[in-house]
There are 2 protein chains.
Amino acid sequence: MIPGTPNDRFIAIAESLKPTLNTTTSFPIGLVKCVADEKAILGWTAEDAGKLEDVKSLRDGDQIIFDFGTHRAGFFEFDIDAVLTGVEPADAPVRLEIVFGEVLNDVAESFDDYKAWISKSWLPDEVINIDYLPALKYRMPRRHAFRYIKIKVISTSLRFGVKFSNPTAYAVSSAPTEDPAPLSFSKAGDWLSDEEKTKLKRIDEVALRTLRNCMHTVYEDGPRRDMRLWIGDLRLQALCSYATFKDYNLAKRCMYLFAGLPFNDEGLLCACVYEKPVPKFGGNSIVDYAMLFAVTLLDYVKASGDLQCGKDLFPIAAKQFSFFAKNFTEDLRYTIPERNMTDGGEGWHFIDWQPTLDKESSEHAIMIYCLKATQELAELLKLDAPSFVLPGTEFSAPITAIIEKLISAHRQHYFDASRGVFVSGPDRQVSWAANAWAVLAGVPESKEMAARALQVTYEMEDAITGMTPYLHHYLCEALVAVGQDRLAVKHIIDYWGSMVDAGAETFWEGWDPKQPRSSPYGDLHSNS
Amino acid sequence: MIPGTPNDRFIAIAESLKPTLNTTTSFPIGLVKCVADEKAILGWTAEDAGKLEDVKSLRDGDQIIFDFGTHRAGFFEFDIDAVLTGVEPADAPVRLEIVFGEVLNDVAESFDDYKAWISKSWLPDEVINIDYLPALKYRMPRRHAFRYIKIKVISTSLRFGVKFSNPTAYAVSSAPTEDPAPLSFSKAGDWLSDEEKTKLKRIDEVALRTLRNCMHTVYEDGPRRDMRLWIGDLRLQALCSYATFKDYNLAKRCMYLFAGLPFNDEGLLCACVYEKPVPKFGGNSIVDYAMLFAVTLLDYVKASGDLQCGKDLFPIAAKQFSFFAKNFTEDLRYTIPERNMTDGGEGWHFIDWQPTLDKESSEHAIMIYCLKATQELAELLKLDAPSFVLPGTEFSAPITAIIEKLISAHRQHYFDASRGVFVSGPDRQVSWAANAWAVLAGVPESKEMAARALQVTYEMEDAITGMTPYLHHYLCEALVAVGQDRLAVKHIIDYWGSMVDAGAETFWEGWDPKQPRSSPYGDLHSNS
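The sections below set out a description of the structure shown in this document. (Residues numbered from 1 in each chain as written. Chains lettered and ligands numbered in written order. Predicted model: local features only at pLDDT ≥ 70, side-chain atom pairs only at ≥ 80, totals over all residues. Heavy atoms only, no water.)

### A word on the overall build of chain A
Link 1 in the chain: Secondary structure summary: chain A contains 13 helices and 18 strands in total.
Link 2 in the chain: Against the 2.2 N^0.38 benchmark of 24 Å for 528 residues, chain A shows a C-alpha radius of gyration of 25 Å, consistent with a compact globule.
Link 3 in the chain: C-alpha extents for chain A along the principal axes are approximately 90 × 55 × 45 Å.
Link 4 in the chain: In chain A, the share of contacts with a sequence separation of at least 24, taken over all contacts with a separation of at least 6, comes to 75%.
Link 5 in the chain: Element-wise, carbon and sulfur atoms account for 52% of the exposed surface of chain A, whose accessible area totals about 21100 Å². (Helix = DSSP H or I, 4+ residues; strand = E, 2+ residues; numbered from the N terminus. Rg over C-alpha atoms; globule rule 2.2 N^0.38 Å. Contact = heavy atoms within 4.5 Å. Areas by Shrake-Rupley, 256 points an atom, 1.4 Å probe, with all protein chains shown as cover.)

Shown next as structure tokens:
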């Protein structure tokens, strides 16, 4: 296949919105050592390891670990000098291994048995050689994501050890340097314990940091691994940013990048696009992400009031369904064509990384959810709503009629009246995804039925849960939509709180509290 | 101990003479692979591995080896692009191991069991990560010495392999970019076979390249390892340069660096000095090297005619003997105080890396050789020759008297009349070093006795030979001094020729044809 022809006007608009990054300078709060700890969720506890000034000389095999107190994405700089054994100056280069840790595991464990299917090149270890000492303001040239930095001396010489000073982190982000006021739970009442309120504050802090550290010249998927713009992540990040940093231009830039770099010449959207070295088509298209572009645009227009952008990009948002309508059977059951790849290419259906998840019902619901957003956008922008041809029909029907038909078909195919839940696939699998998306799409006939579907699913032991915070978000959004705010908050405390308990300073791509070392990529060390 | 106070005037003169480096651009002559070969002296043969254009895609574990045809010291630059598996762009950084090989062994063998006592940081391997592809004109920031460059792909991703293009070497040297005309052996007559003449031409070529690749902002000890200025190496390099590249300023700069950075406040010279990041005292002093400073200065003044420099530095050269006169016994036998270190600090006696070599007799002869140079310098510069106090005497004697006394004592202590050779130490060890230096110092009573001493030593099976080209040079110089030019040339063909046969593109710090993998540092891979 051939990439879609780039739209230079859209790319130029995107480039004109490229933000300047703000730099925040910070210093380690101390040195730590990693101690194996069975009680720690991820197996390690940090113990104080004294002060840098007291580390006299490091030689082959010695190491120190800086703790910068919390997580950032940015650059690392340090001074290094020789500590001489005798009178002779440092007579050789010094070779160092430097490892950047988002969590203790990164600096405590070897990467030798790394077994993820995503590239080993994402691992946060580097080997550097410094030829002449002292080397002042030695700056590591690549951006890293870290709370901890381990420096291990691979080799000095018989003549000298080394000593470090002025370790400095330069965090970069396009978010404003000041955080918004933290959430207050003073009015939350006594259905939340003080402990829970404290945990929620901490979750809010980590969530905000996650957002900040993913905000660069695009909304990045993760600050260490991937560092790339995906529609699904963009939608949630932009929503958070409207509520916190009040940044609208970054979301606008990101949408224009997608618009400017279509997957094909018909205008199907890529699931991700590349920014560097130059903006580039992303090579894969995710059905649910392409559909969610309309929702992302709607969110943006409502938050920013920027109707002009809405009008400019509406045709792209509005046409996405036309690429997927053919996936419905004539009786309007959404089918997912078989593919050989885990990801990549066209026709990827994501929803969540949970490998056993049946996705038909969720995708069907997402179609409805996103068509509704398209309809709302058309009204808001005073533009003509699109119409589509469904399988088994000869003529195009207006979007409102399509939405009605799809809702009706979804109820028919996927609602299990006996249990009051939505199911998916030939085995009538019950999952959080299927029920959350059905509820968000407004499929249930009443709010009570919607609430019941979520409640039953949530309490069902063998329901397929979510592996990503991404899906957990949609579960919570659905709970809030049916008035189950308190359950949503409790779930946030349980799920995101368990990441905090495990040492997260930013929330991860994937997280299963029951299998804390699991990762959608097959190795904890890639689970940024 | 405390370093000597730097002499700012001398350092300023040295810095004013810092040369600009010339850059020469070159490209690989092809790709090779290393094939184990029992017949090859160092164990490997290069086989043609095709053209770079035919290497379609390199993935995890794959490697290529560029052959640049010969050795250079400089920088490496290349273009790298992704070769996509499907339609998706390169979705991860690429991690590469890059190894610079002076000889095939460097790129054919693992460094994992490196066992030299000099730092592992000298090893010519680097690991780099490139975040965004294509990366055009990726330049490795550190200088390396290489004929071969191995690039091994540590990791790409499922989505892509990599392809290299435009591999480019930028050799740097302060030598002129044009080589002088190669030596001609057309008039040498038939005592040399055509094969020997061809070998001599090749030796001349490799010698010239060694010199060029050691000429930077100082005469460096070696282009890979050490990269530092030592008096002993400087003397021979400068001599070669006067005869070839006609460079005088670099030697002058080097001498002023030594003069500006004394070992102690009495003016003892360092054996080596450091240039980067700023000129710095070298922390050790070698007796024979300090003495040879006078010879180096004499050579320079004679070659350049620069009497002003000679006068400026003469007092420093002339005083070196005063530090070592105390090492003579009252009956004028040179003694070497015991030391615990292999190198470094004060009072190191070098001569050669041969560990079993007894050095007393050689050092004694070097004193004479260098005092004679001091005397000659004084005459040339029309300055007063120094006088010294020897142990057992109360008053200082003029240098001419000192030279006579030391010659007489040397004959008395070290000449074994029965065998006609010079010996050293309590076991009356016969060595090339002792006899070469005795001859160069003019100790033998006649040219015939000198020639006989060398002849007998050279043919004696258990005589201690030399481990370094440095000592082999002085053997040849002594042979020439006694009219044994032909034997000197034959020795050059045998010794330096055997390095050429082993694959040397530059001559090495140490070389024993009978133990080709031996190294003064304990590992072939440090034997630059």
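### Here's the deal with unusual backbone geometry
Link 1 in the chain: The amide bond that connects A:Leu133 to the next residue, A:Pro134, takes the cis arrangement and shows omega of 0 degrees.
Link 2 in the chain: Inspection of the secondary structure assignment puts A:Pro134 in the loop between β6 (125-130) and β7 (135-139).
Link 3 in the chain: A positive phi angle is found at B:Lys246, which is not glycine, with a value near 60 degrees.
Link 4 in the chain: Take B:Lys246: it is sitting in the loop between α4 (231-243) and α5 (249-260).

### Comments concerning the interface of chain B and chain A
Link 1 in the chain: At the junction of the two partners, chain B supplies 43 residues and chain A supplies 43 residues.
Link 2 in the chain: Summed over both partners, the interface of chain B with chain A buries about 3700 Å², with 52% contributed by carbon and sulfur atoms.
Link 3 in the chain: Sorting the residues of chain B by area buried against chain A places B:Val87, B:Arg95 and B:Tyr132 first, and these three jointly supply 16% of that buried surface.
Link 4 in the chain: For the pair chain B and chain A, the interface holds four salt bridges.
Link 5 in the chain: One salt bridge connects A:Asp131 with B:Arg142, and the closest N-O pair in it is separated by 2.7 Å.
Link 6 in the chain: Between the two partners, chain B and chain A, sit 26 residue pairs in polar contact (both at pLDDT 80 or more).
Link 7 in the chain: In terms of residue count, the dominant contributor to the side of chain B that touches chain A is strand β6 (residues 125-130) of chain B (four residues). (Buried area = accessible area lost by both parts, 1.4 Å probe. Salt bridge = Lys/Arg side-chain N within 4 Å of Asp/Glu carboxyl O. Polar contact = N/O pair within 3.5 Å; in protein donor to acceptor, adjacent residues only side chain to side chain.)

### Topic: the sheet that holds strand β17 (residues 415-416) of chain B
Residue and element names in this part refer to chain B.
Link 1 in the chain: The three strands lie next to each other as β17-β18-β19, forming an open sheet whose pairing is antiparallel. In the strand order of this sheet, the two ends are held by β17 and β19 (429-430), each with one partner.
Link 2 in the chain: Bridging between strand β18 (residues 421-424) and β19 involves two bridges; their strand directions are antiparallel. When the sheet's bridge partners are listed, Ser424 is paired in β19 with Gln429.
Link 3 in the chain: On the sheet, helix α11 (residues 447-459) packs against β17, β18 and β19 and is oriented at approximately 65 degrees with respect to β18. (Pairing = 2+ DSSP bridges. Axes fitted to C-alpha atoms, helices over the stretch in contact; angles between N-to-C directions.)

### Comments concerning the relation of the copies chain B and chain A
Link 1 in the chain: Between the two copies, chain B and chain A, the superposition gives an RMSD of 0.1 Å; the rotation angle is 180 degrees and the shift along the axis is 0.1 Å. Both chain copies can therefore be described as sitting about a two-fold axis. Across chain B, the rotation axis passes nearest the C-alpha of B:Val127, at a separation of 3.1 Å.
Link 2 in the chain: The residues that chain B uses at the interface reappear at the interface of chain A in 100% of cases, marking a shared surface. (Least-squares fit on C-alpha atoms with pLDDT ≥ 70 in both.)

### A word on the pattern of salt bridges
A pair can form between side chains of opposite charge whenever their charged atoms are brought close.
Residue and element names in this part refer to chain B.
Link 1 in the chain: Going through the model one piece at a time under the given rule, you end up with 63 salt bridges over all chains.
Link 2 in the chain: Notably, a salt bridge pairs Lys490 with Glu196, separated by 2.9 Å at the nearest N-O pair. With Lys490 in helix α13 (residues 485-501) and Glu196 in helix α3 (residues 194-214), this pair connects stretches of sequence that are 294 residues apart.
Link 3 in the chain: Take Lys490: its relative accessible area is 30%, and that puts it in the partly exposed class.
Link 4 in the chain: For Asp416, the salt bridge is made with Arg419, and the minimal N-O distance between the two is 2.9 Å. (Buried < 20%, exposed > 50% of the residue type's maximum accessible area, 1.4 Å probe, protein only.)

These figures come from the coordinates and say nothing about function on their own.
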